[in-house]
Amino acid sequence: EQRQLLHGPLNHETEVVVCATLERVLNVESGPIVLLKVDVEGDELVALKGLGSVWPRVRHCAVEVRDLAGRLSAVRELLLEQGFSVRVVAQTSSLVDGYLTTIPPELALFYVFGCRCGACPELASETAAKRRRVMSPDRVVCAKMV
């Protein structure tokens, strides 16, 4: 009854949606995947497990995870199993370009960054000091990635 008051009458409609795994979608083209960004509102493991044979092509990944029911550790472990160095960063409230983004700690939102060390040989010769100047500490995913 409350749902009807808030959202109007419940209409039941069926719609057919074509789904595909990331492996199927990403195998349309070959070559490296420099950055894979995943933000799928709770289905991170399903999406990542759908990479299949594409995993070796992924150089870096950024996954947004809400830590419910062990999701954070499961995503972290999966990336480690696939040969990534992993960094987990809690999302926090911040002021960006004059806009305040509020993220309550109880939401338990995290970014999980994965990097295959050595994936960026063209940046490997840069000094650590130069790399630190290019990216602020809260935005570094990989010391070699700019």
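One can find the structure itself at the top, above this paragraph.
Residues numbered from 1 in each chain as written. Predicted model: local features only at pLDDT ≥ 70, side-chain atom pairs only at ≥ 80, totals over all residues. Heavy atoms only, no water.

### Some points on the environment of D43
As for its position among the elements, D43 is in the loop between β1 (33–38) and α3 (44–49). Of the residues examined, D43 reaches a relative accessible area of 44% and is grouped as partly exposed. For the pair D43 and R71, spaced 28 residues apart in sequence, the C-alpha separation works out to 9.2 Å. (Helix = DSSP H or I, 4+ residues; strand = E, 2+ residues; numbered from the N terminus. Buried < 20%, exposed > 50% of the residue type's maximum accessible area, 1.4 Å probe, protein only.)

### Re helix α4 (residues 71–81)
The α-helix advances 3.6 residues per turn, and as a result positions three or four apart in sequence lie on the same side. Buried within α4 we find L72, V75, L78 and L79. Down the axis of α4, the buried set is contained in an arc of 135 degrees. They therefore lie on one face. Packing partners of the buried residues in α4 comprise α3, β2 (58–66), β3 (85–90) and β6 (109–115). Within two residues after α4, G83 carries a phi angle of roughly 90 degrees, on the positive side. (Arc of directions from axis to C-beta. Contact = heavy atoms within 4.5 Å.)

### Examining the nonpolar core
If you look at the biggest cluster of nonpolar residues, it comprises 19 residues, and the most contacted ones within it are L36 and L48. Put simply, the parts of the chain that give this core at least two residues each are β1, α3, β2, α4 and β6. If we ignore the near neighbours within four places in the chain, the residues touching L36 are L26, L48, L51, V58, H60, C61 and A62. (Core = buried A, V, L, I, M, F, W, Y, C linked by side-chain atoms within 4.5 Å.)

### Remarks on the pattern of salt bridges
Tallied over the full model, the rule gives one salt bridge. Across the pair R76 and E77 runs a salt bridge whose closest N-O atoms are separated by 3.2 Å. A relative accessible area of 34% places R76 in the partly exposed class. (Salt bridge = Lys/Arg side-chain N within 4 Å of Asp/Glu carboxyl O.)

### Things to note about the sheet that holds β1
Taken in spatial order, the four strands line up as β1-β2-β6-β3 in an open sheet, and their pairing is mixed. For this open sheet the edge positions go to β1 and β3, each flanked by a neighbour on one side alone. Neighbour-to-neighbour, the strand axes of the sheet open up by a mean angle of 15 degrees, direction not taken into account. Of the strand pairs in this sheet, β1 and β2 are connected by five bridges, and their pairing is parallel. Its bridge partner being in β2, I33 is matched across the sheet by V58. Here α4 sits on the sheet and contacts β2, β3 and β6; the angle it forms with β2, its principal contact strand, is near 170 degrees. (Pairing = 2+ DSSP bridges. Axes fitted to C-alpha atoms, helices over the stretch in contact; angles between N-to-C directions.)

### A short note on the environment of L72
Mapped onto the fold, L72 is located in helix α4. Accessibility expressed as a relative area gives 12% for L72, which makes it buried. The sequence separation of L72 and L45 amounts to 27 residues, and the corresponding C-alpha distance is 9.6 Å.

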